[in-house]
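An overview of the molecular structure
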Amino acid sequence: MNIRDIRSLYIHFPFCRHLCNYCDFYKNIPKDKMKEYSSFEASLIKGYDHFFKTFKDSNYQVRSLNTLYLGGGTPSLWDKRGAEFLQNFLLDRNIELSTDCEFTLEVNPGGWTEEGIEKFREIGANRFSLGIQSLNPNFIKIIDRIHNIDDVYNTLKFFNEKELSFSVDFMIGLPFSKDYGRDIVAELEEILSFNPEHISLYILTTKAGYIHRNHLPDEDFIEREYLKVSEFLRSRGFDHYEVSNFSKPTKESRHNLKYWRSESVMALGASATGFLKEIGTRYKWKVSDSAFSVEKLTHSEQALEQIYMALRINKPFCLRDHVNNESKLLEVIDLWKSRKYIDFYDGERISLNSRGFLMLDSLLDDLFKYNLLD
């Protein structure tokens, strides 16, 4: 029997203190925290069993994890209780963390306790993703974050003084950025004084009817802001290793690289999405019960996804192995070169630069336009 090991696990914690007006991740504010936390924990246990029942013929097992990621929502709110539950959850299923496991906990300013962080560290958490978004108190209010600027600095100070490995989430393209002359580089300059090892930089995307939709900056402003940030962070020793992510050398998010390399990741929790490479299957948990929908990808869908994901990261990728006309591919590459989208090309392997990352969707359109994809 061919056993397939799953080495990465994502858990979605669906609770927040406040529902920010732009966010479309699944989450809610618990009315009865203890009752709803208990229900959530029960759903993880039930969901784990449902996963293995559904895919029993595929011979998957989880024994030793090399990445574990708690996202949300605000999983730092799970606090000491969550760390103790997770410790028992893993022990009861004979799941170990490998000696070099990257264990990430998402943390929001004002939504954590020192006791909770220390308990998560005791069970193996060694990387923390801080939802800062901005260092400007005006923009914190505009994007409807519940924390204040003091919460931000208290959080940064704690993780810096404890010398913990942490990443900072930042947003660009915020409402009124152009009107108020937001200085994103000045904000990042200050952030770097706290010594983060990783920066995730996201362009704000909003839902229909977003309250500030008429005050969002135009595409040209966002492009300039994105490229300015990339140039600044690279000048400070960060690698722009993925469309929205920068890291000091060797400090990339190993868990997220699993997704971008189209590797298998098990997922648990309402709305969480997992992928099983070996059987070409994506699944997404429903929010109403411990069940998920399953999407079986065709060979061409898997190939297209692999191309898209591979171009998101700055590791050279052999694109020619995935297209059906090499001479036309050379035409496309010449076009990309002329537009200064390419960071590396040796005749076979290719990787994009920051400008190419920004234009990734249009680059995929070029491959379709030239009929290079089956």
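Above: the structure in question.
Keep in mind that what you see is a predicted model, and the values were worked out from it rather than measured.

As a further point, take the environment of I222. In this structure, I222 sits in helix α8 (residues 219–235). Its relative accessible area of 15% is what places I222 among the buried residues. Sequence separation of I222 and I117 is 105 residues, and the distance between their C-alpha atoms is 35 Å. Here I222 is in contact with I172, G173, I203 and P217, once residues within four sequence places are set aside.

Ordered by their spatial adjacency, nine strands build an open sheet running β9-β10-β8-β7-β6-β5-β4-β2-β11, and the pairing between neighbours is mixed. If you trace the sheet from one side to the other, it starts and ends with β9 (239–242) and β11 (266–268), each paired once. Each neighbouring strand pair of the sheet contributes to a mean axis angle of 20 degrees, computed without reference to strand direction. In this sheet, β11 lies alongside strand β2 (residues 8–13) in parallel orientation, the contact comprising three bridges.

On to the pairing of β9, then. Taken together, the three bridges between β9 and strand β10 (residues 245–247) define a ladder with antiparallel strand orientation. Bridge pairing in β10 places D239 opposite S247. Here β9 folds back onto β10, and the loop between the two strands holds two residues.

What follows deals with the pairing of strand β7 (residues 166–172). Across the seven residues that make up β7, a large majority, seven, are buried. Residue alternation in β7 divides its side chains into two sets, F166, V168, F170 and I172 and S167, D169 and M171, and both sets are buried. Two elements, strand β6 (residues 127–133) and β7, share four bridges in a ladder whose sense is parallel. Along β7, the bridge assignment pairs Q133 with F170. Where β7 lies against strand β8 (residues 198–203), six bridges are found, and the strand directions are parallel. Each bridged residue has a counterpart across the sheet, and for I172 the counterpart in β8 is I203.

Time to look at the nonpolar core. Counting residues in each nonpolar core, the largest one holds 96 residues, and the members touching the most others are F128 and L156. If we ignore the near neighbours within four places in the chain, the residues touching L156 are L130, I132, L135, F166, V168, I191 and F194. F139, I142, L174 and L204 belong to the second-largest nonpolar core, a separate cluster that totals eight residues.

Attention now moves to unusual backbone geometry. In the segment running from G72 into G73, the intervening peptide bond is cis, with an omega of 25 degrees. One non-glycine residue, N59, adopts positive backbone phi at about 60 degrees. You can see N59 is positioned in the loop between α1 (33–54) and β3 (60–61). One non-glycine residue, E163, lies in positive phi territory at about 55 degrees.

Take the pattern of salt bridges next. Taken as a whole and judged by the stated rule, the model has 17 salt bridges. Across the pair E348 and R320 runs a salt bridge, and its minimum N-O distance is 3.6 Å. With E348 in the loop between β15 (342–345) and β16 (350–352) and R320 in the loop between α10 (299–312) and α11 (326–338), the pair connects residues that are 28 residues apart, well separated along the chain. Classification of E348 as partly exposed rests on a relative accessible area of 43%. Look at the salt bridges and you will find they share partners, linking R282, E295 and E305 into a network.

Turning to the environment of G73, a few remarks are in order. Relative to the elements of secondary structure, G73 occurs in the loop between β4 (64–72) and α2 (79–92). For the pair G73 and F13, spaced 60 residues apart in sequence, the C-alpha to C-alpha distance is 5.5 Å.

Relative to the elements of secondary structure, E252 occurs in the loop between β10 and α9 (254–260). The side chain of E252 is buried and forms no salt bridge, while K315, the nearest opposite charge, is found at 4.7 Å.

Turning our attention to the sheet that holds strand β14 (residues 292–296). Ordered in space as β12-β13-β14, the three strands form an open sheet in which the pairing is antiparallel. In this open sheet, the two strands that pair with only one neighbour each are β12 (273–276) and β14. Neighbour-to-neighbour, the strand axes of the sheet open up by a mean angle of 20 degrees, direction not taken into account.

So, on to the packing of α2 against helix α3 (residues 114–122). Two numbers describe how α2 lies on α3: the axes approach to 7 Å, and their chain directions differ by 15 degrees. As summarised for this structure, α2 and α3 are arranged roughly parallel, according to the angle between their axes. Crossing handedness for the pair α2 and α3: left-handed. On α3, the residues touching D79, K80, G82, A83, E84 and Q87 of α2 are E115, G116, K119 and F120. A per-class count over the contact of α2 with α3 returns two nonpolar, three polar and five charged.

Applying the stated criterion across every chain yields a total of 29 aromatic pairs. Relative to Y180, the ring of F139 lies with its centre 6.3 Å away and its plane at 50 degrees, an arrangement referred to as tilted. Residue F139 is located in helix α4 (residues 137–142), and its partner Y180 is located in helix α6 (residues 177–180); the two are separated by 41 residues in the primary sequence. By relative accessible area, Y180 is classed as exposed at 51%. When the centroid spacing of 6.4 Å and the interplanar angle of 80 degrees are considered together, the rings of Y283 and W285 count as edge-to-face. Side by side, Y283 and W285 carry an identical accessibility label, which is buried.

About the criteria used
Residues numbered from 1 in each chain as written. Predicted model: local features only at pLDDT ≥ 70, side-chain atom pairs only at ≥ 80, totals over all residues. Heavy atoms only, no water. Helix = DSSP H or I, 4+ residues; strand = E, 2+ residues; numbered from the N terminus. Buried < 20%, exposed > 50% of the residue type's maximum accessible area, 1.4 Å probe, protein only. Contact = heavy atoms within 4.5 Å. Pairing = 2+ DSSP bridges. Axes fitted to C-alpha atoms, helices over the stretch in contact; angles between N-to-C directions. Core = buried A, V, L, I, M, F, W, Y, C linked by side-chain atoms within 4.5 Å. Salt bridge = Lys/Arg side-chain N within 4 Å of Asp/Glu carboxyl O. Lys, Arg positive; Asp, Glu negative; His and termini not counted. Parallel < 35°, antiparallel > 145°, perpendicular 65-115°, else oblique. Left-handed = near helix turned anticlockwise from the far one by under 90°. Nonpolar A, V, L, I, M, F, W, Y, C, P; charged D, E, K, R; others polar. Phe/Tyr/Trp six-rings, centres within 6.5 Å; stacked < 30°, edge-to-face > 60°.

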